[in-house]
Every structure is written in structure tokens, then in C-alpha cells.
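Spelled out, the chains give:
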Amino acid sequence: MLRIGVLGCADIAERRMLPSMARQPLVEVTAIASRSLAKARAFTGRFGGTPVAGYAGLLERDDVDAVYLPLPRQLHVEWTLRALQAGKHVLCEKPFAARLADADKAVSLARERGLLLMESFMFLHHSQHARVQQLIGDGLIGELRLFGSEFGIPLRRDADGTPRRASTLPEVAAYPLRAAQLFLGPHLRVAGAHVSPATAHGPAPAGGALLTAAGGGATAQLAYGVEHAYRSGYDLWGSQGRLRLERAFSTPDEHVPVLHVEQGGAVREIRLAPDTHFTNIAGVFARAVLDREDFTPHTEALLAHSRLTDAVEQAAARPGPVQPRPAPAP
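Residues numbered from 1 in each chain as written. Predicted model: local features only at pLDDT ≥ 70, side-chain atom pairs only at ≥ 80, totals over all residues. Heavy atoms only, no water.

**Student:** Help me out: how do you make sense of the sheet that holds strand β12 (residues 219–225) in this one?
**Tutor:** Hydrogen bonding along the main chain pairs the strands of a sheet, whether they run parallel or antiparallel. Reading across the sheet, the eight strands line up as β10-β11-β12-β7-β13-β14-β15-β16 and stay open at both edges, with mixed pairing between neighbours. The open sheet has two edge strands, β10 (189–195) and β16 (266–271), and neither has a second partner. In this sheet, adjacent strand axes meet at a mean angle of 15 degrees when their direction is disregarded. Two strands pair when backbone bridges link them, and strand β7 (residues 144–152) and strand β13 (residues 231–238) are joined in this way by eight bridges, in the antiparallel orientation. (Pairing = 2+ DSSP bridges. Helix = DSSP H or I, 4+ residues; strand = E, 2+ residues; numbered from the N terminus. Axes fitted to C-alpha atoms, helices over the stretch in contact; angles between N-to-C directions.)

**Student:** I tried to follow helix α2 (residues 37–47) on my own but got confused; where do I start?
**Tutor:** Three- or four-residue spacings in an α-helix give side chains the same orientation, since the helix completes a turn every 3.6 residues. What α2 keeps buried is the set A40, F43, T44 and F47. Along the long axis of α2, the arc covered by the buried residues comes to 95 degrees, so they all point the same way. In α2, those exposed residues whose orientation departs by more than 90 degrees from the buried face are A38, R41, G45 and R46. Looking one or two places after α2, you find G48, whose phi comes out positive at around 90 degrees. (Buried < 20%, exposed > 50% of the residue type's maximum accessible area, 1.4 Å probe, protein only. Arc of directions from axis to C-beta.)

**Student:** Looking at this structure, how should I read the environment of R99?
**Tutor:** By the secondary structure assignment, R99 is in the loop between β5 (89–92) and α5 (100–113). Of the residues examined, R99 reaches a relative accessible area of 48% and is grouped as partly exposed. Once the C-alpha coordinates of R99 and D63 are considered, the two residues, 36 residues apart in sequence, prove to be 32 Å apart.

Okay, structure coming up:
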């Protein structure tokens, strides 16, 4: 078993990853760290392991082979580097880094130390996406022309009714961006991107991107937001049909996926089996370390996503769209 220490008691760790790790036979959670020892104790009381006060203390432990890092995005690079320097493999929540330079630095250190650095895109390990890839490869909808995806989550309300955001825009945008790479390849170009102005609830409530596949061909139209009605899906539009998948990213373990296929004016459904993508990714991470697999595919995927994220943020930071010229006077 791979002995994992958890850096931080984040919501995603509590709701999804730690319960899923408990069901993964290749993983043992040996320690959980928090800035608050009381919070660490509350987590270990539910999920096992030793409570640790402070993140640095967990990295010093001999019973921790690897670290799962669900800390806020702005702490990813710092604590990943510290974990790698301490000789720990790292599974980091997405997105790992907005800047390609940060990703390069972390990957270089991981490769130098012979350690696995992997971004926790759990949705990639749900069997529904492999099925979609198979159908597309078999020509179900002909030649792929367009990949469209959206991920939006609503504001949450505190006990007193005050609305607040559940995530930041980069955390939500990461899903459609990574899904576009899954279906169109890792080397996408950014044709355009935007971020909406701040609201009373915080900066950057929404964004979008237009991407093109290397060598031309298919394009991707993506939309994402953190003050929206819930949407989580993608569709693939081909020369001979269209395929749509809902609940593509935040998929409950018991959810039965349904593919909606349009061909020649007819619509049919293909029902798939439920799957446990959080448990699956914990197993993929552990198996790579325990079996001494080649870590290169994982680090290359992290670099490709950081490169795309960096390019999208740069495009969104440029001046606004060009306004159409006024119509000539009659």
C-alpha cells in the first residue's frame, strides 16, 4: 500500500477524496495535517491516520510516502516543491499552476528526484469518457468538427443567508480546458479568451475560451463560471451527428451516465455504467508509484495543461474585442 499524507482539510478532501481513498485498497492514509490541530483530529477521527499541526510537520514523517495536496490554488506550487524536496510523491488538486514557469520548476524537481508529480483530474478516470472516445473513434458522428463544454456552479449561502462562492474561476475553468485536450489533443492554440468583470461576490465570475487543434480542423468553444446555474457537460459535433454528455465533471459515484446521440434527425440514448473516478485516480496514482511506472505521461500532461492555462489567461488579459466598424452612411 502507498502511505499517503494529506496536506490540508479542504472541502473536496472531506466530501470526495478521503472517503474514496478509504475504498482504494492500494492506499493507506497515515497522516492528515491542518493549521488547526483540532480540525486535523476531526478528520483523522473519520478517515484514519495521525493528526498533524502544520503542513511542514507532515512532510517530516517517515510513515508518509506521498502527499495528496488539496490546498487553495495559490499554495499549490509552494507546498508541492516543499513536498518534493522532502522526498514525497505528490498528487495535487487542479489546476496545479497558472504559470508555465511554475509547472516547469516543479516538474524539473520531480524528475531530478525520481518522484511522481500528478495533477488530480479525477474526471479523466471515469469510464464514461473512454466510452465516448471509443464511439468517436469508431466514427459514430463522423469527422469531429467542434468540441463544446461548459462548467458552471452556483453561489453557496452561509447559515445567515449570505451568498459566497464555492470555488474560484480557475478551478472551474480547468475542467473544460482539460476535457478539450482529452478530445482534441494536448497541443491546442488559443484563438481568444475573456474574463467577465468583478461582481460583489469577487473577481472573475465567468470566462470563456475559443481553442483550435494543432494543424487546424476541430475547434473548442468553452464557457465557465462561479455565479451560475449548475451545468457540467460537453458535446461533440461531427460531420454526421452529435453526442452530448451531462454531469461530465462532478459525477456522483452512483450516477448512471447517459449519452445523447443525434443522427439524421433521430435522437437516441446510450446508458453507461456508474463509476468511481475519485477511487480510480487514487489507484492510478498509487499503482504508478508502487509498480515503478514511467512518470513521464503524468508530468507531460501537467505541463501541457499549465501551458494552455497560461495561454488562456494571457489572452483574456489582452484588450477587449474589436468593435465592428459602423455602417457607411446611406
